[in-house]
Amino acid sequence: AAFREMCKAKNGGEKKLLKAKYGDEKEMLIKGNWYQVEKFVKRHPGGRILNFYKGKDATQAYREFHQRSERADRLLKTLKSRPAEKGDAVVDNDKLVADFVKLRADLEKEGFFKPDYAHVFFRFAEIVFMHVFGLYLVFNGWYLSGLAILGVVEGRCGWLMHEGGHNSLTGNITIDHALQVITYGFGCGMSAAWWRNQHNKHHAMPQKLEHDVDLNTLPLVLFHLDAASHQKAPASKSWLRMQAMLFPNVICSMVAMFWQLYLHPRHALRTKHYDELFFMGLRWAFIFGYMPTVFGFWPTLLGALLSNGIGSTYIFVNFAVSHTHLPVVKADEDVSWVVYAARHTMNVKSGPFKWVDWWMSYLNFQIEHHLFPSMPQFRHPIVSKRVQKLFEKHGVPYLQTSYTEAMKITFNNLDHVGHAFYG
């Protein structure tokens with residue numbers, strides 16, 4: 001109840017935040033200049049995410065997505081531009097954003113965005129160990145225990161590749177993307193390039209209708225009633241009525257298999273990411289080429305389905321607690337980078353012995369992650385206190401709750417939306 005009251009308080013206060021002036025739809029404001037982007041959209045390496053910011057201030061998004069990219073800066077300089085006027089930028093009008101920009105600059109000077117190679121080594125050593133230990137148990141007759149560990153490590157490969165996709169592992173974009181391709185391809189059977197294309201849209205405008213692809217979840221699941229009318233996919237009322245019960249294992253497994261067997265290899269083939277196809281193929285060659293020679297085809301298939309179900313449920317359910325039950329932004333509404341993080345994401349407390357930090361690979365600090373997506377994730381708990389002070393100064397509630405309560409809220413929302421949609 002207290003958590004819901006915090007959401008209501010923030011919803012009312014948000015309207016007081018000022019926004020930047022709108023520019024020409026052919027332009028985009030970045031770091032004090034309006035750039036002509038109309039003809040560049042089709043050539044943009046990151047896809048058509050630029051359409052989200054036409055006529056708007058994209059400074060914060062550009063900084064977070066391209067902090068380590070010299071190529072992005074070079075491309076930006078090739079575009080025609082004109083100086084912005086005083087008052088054009090969000091930072092000129094919004095004191096919350098202005099203070100956020102100052103905080104970010106301070107954190108960067110203090111080294112919070114620098115990689116920690118020892119931490120990266122530990123993260124990779126962990127998934128290697130878990131794979132080896134899980135396979136050891138399976139080969140020695142401890143089938144369920146081994147498959148459970150292999151399922152969890154599949155999910156943890158998802159957490160790890162996520163950080164590679166944000167270029168926050170080594171800080172070198174080429175190396176981080178290569179690590180992501182290997183981890184996501186072999187560890188999960190999925191495409192890193194597809195993930196980056198879709199996930200950046202989510203980060204640009206989380207929970208915004210017709211912008212955040214994570215809201216386009218039909219026909220399998222619906223997280224928000226307002227999202228239904230913005231999707232073309234058909235929806236079964238009877239299925240959605242049961243979605244709270246079906247989401248773990250059934251729906252999560254169906255999404256994972258659709259991604260693994262069709263959507264991701266199709267994208268990798270269409271975009272000529274043959275390195276991704278190689279590592280995806282290596283995964284399936286081991287599972288269905290080698291394992292059946294030891295255990296037979298049907299036991300191998302059953303074990304793969306069970307392990308895959310555990311892995312997909314582990315990562316999808318834990319991602320769901322951070323966004324899915326929070327308010328959406330209307331398609332024609334605009335809020336600042338900071339408000340997107342404050343209102344449309346939430347944190348899950350670390351818990352005793354900080355077990356949640358490990359279990360969710362520090363992505364339980366979603367507010368900090370959305371404010372600073374290019375920051376190594378293990379530093380989010382450290383900077384969270386300073387973010388809290390920033391929010392307190394401007395009267396913006398800092399949403400966080402326990403892991404148990406977060407799960408309860410998430411599944412209650414699934415149940416409520418499913419029954420409300422059913423009518």
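See above for the structure.
Residues numbered from 1 in each chain as written. Predicted model: local features only at pLDDT ≥ 70, side-chain atom pairs only at ≥ 80, totals over all residues. Heavy atoms only, no water.

## Observations regarding the packing of aromatic side chains
Part 1 of the reasoning: This structure, assessed with the given rule, holds 23 aromatic pairs.
Part 2 of the reasoning: Ring centres of Trp355 and Tyr403 lie 5.1 Å apart, and the angle between their planes is 70°; this geometry places the pair in the edge-to-face category. Residue Trp355 is located in helix 16 (residues 355–359), and its partner Tyr403 is located in helix 19 (residues 403–422); the two are separated by 48 residues in the primary sequence.
Part 3 of the reasoning: Judged by its relative accessible area of 16%, Tyr403 falls in the buried class.
Part 4 of the reasoning: Taken together, the ring pairs connect Phe139, Tyr143, Phe286, Tyr290 and Phe295 into an aromatic cluster.
Part 5 of the reasoning: Arg104 extends its terminal NZ or CZ atom over the ring of Phe113, reaching a point 4.3 Å from the ring centre.
Part 6 of the reasoning: Directly above the ring of Trp358 sits Arg156, whose terminal nitrogen or CZ lies 4.0 Å from the centroid. (Phe/Tyr/Trp six-rings, centres within 6.5 Å; stacked < 30°, edge-to-face > 60°. Helix = DSSP H or I, 4+ residues; strand = E, 2+ residues; numbered from the N terminus. Buried < 20%, exposed > 50% of the residue type's maximum accessible area, 1.4 Å probe, protein only. Lys NZ or Arg CZ within 6 Å of the ring centre and 35° of its normal.)

## Considering the pairing of strand 2 (residues 33–36)
Part 1 of the reasoning: In this structure, strand 1 (residues 27–30) lies alongside strand 2, joined through four bridges in antiparallel fashion. Paired with Ile30 across the two strands is Asn33, which belongs to strand 2.
Part 2 of the reasoning: Between strand 1 and the antiparallel strand that follows it, strand 2, lie two residues; Lys31 among them carries a positive phi value of about 50°.
Part 3 of the reasoning: Sheet analysis places strand 2 next to strand 3 (residues 81–83), joined by three bridges and oriented antiparallel. (Pairing = 2+ DSSP bridges.)

## Describing the pattern of salt bridges
Part 1 of the reasoning: One pass over the full model with this rule turns up 12 salt bridges.
Part 2 of the reasoning: Among the ionic pairs, Arg386 bridges to Glu110, the shortest N-O distance being 2.8 Å. Linking Arg386 in helix 18 (residues 380–393) with Glu110 in the loop between helix 5 (95–109) and helix 6 (117–139), this pair joins segments that are 276 residues apart in sequence.
Part 3 of the reasoning: Owing to a relative accessible area of 29%, Arg386 belongs among the partly exposed residues under this scheme. (Salt bridge = Lys/Arg side-chain N within 4 Å of Asp/Glu carboxyl O.)

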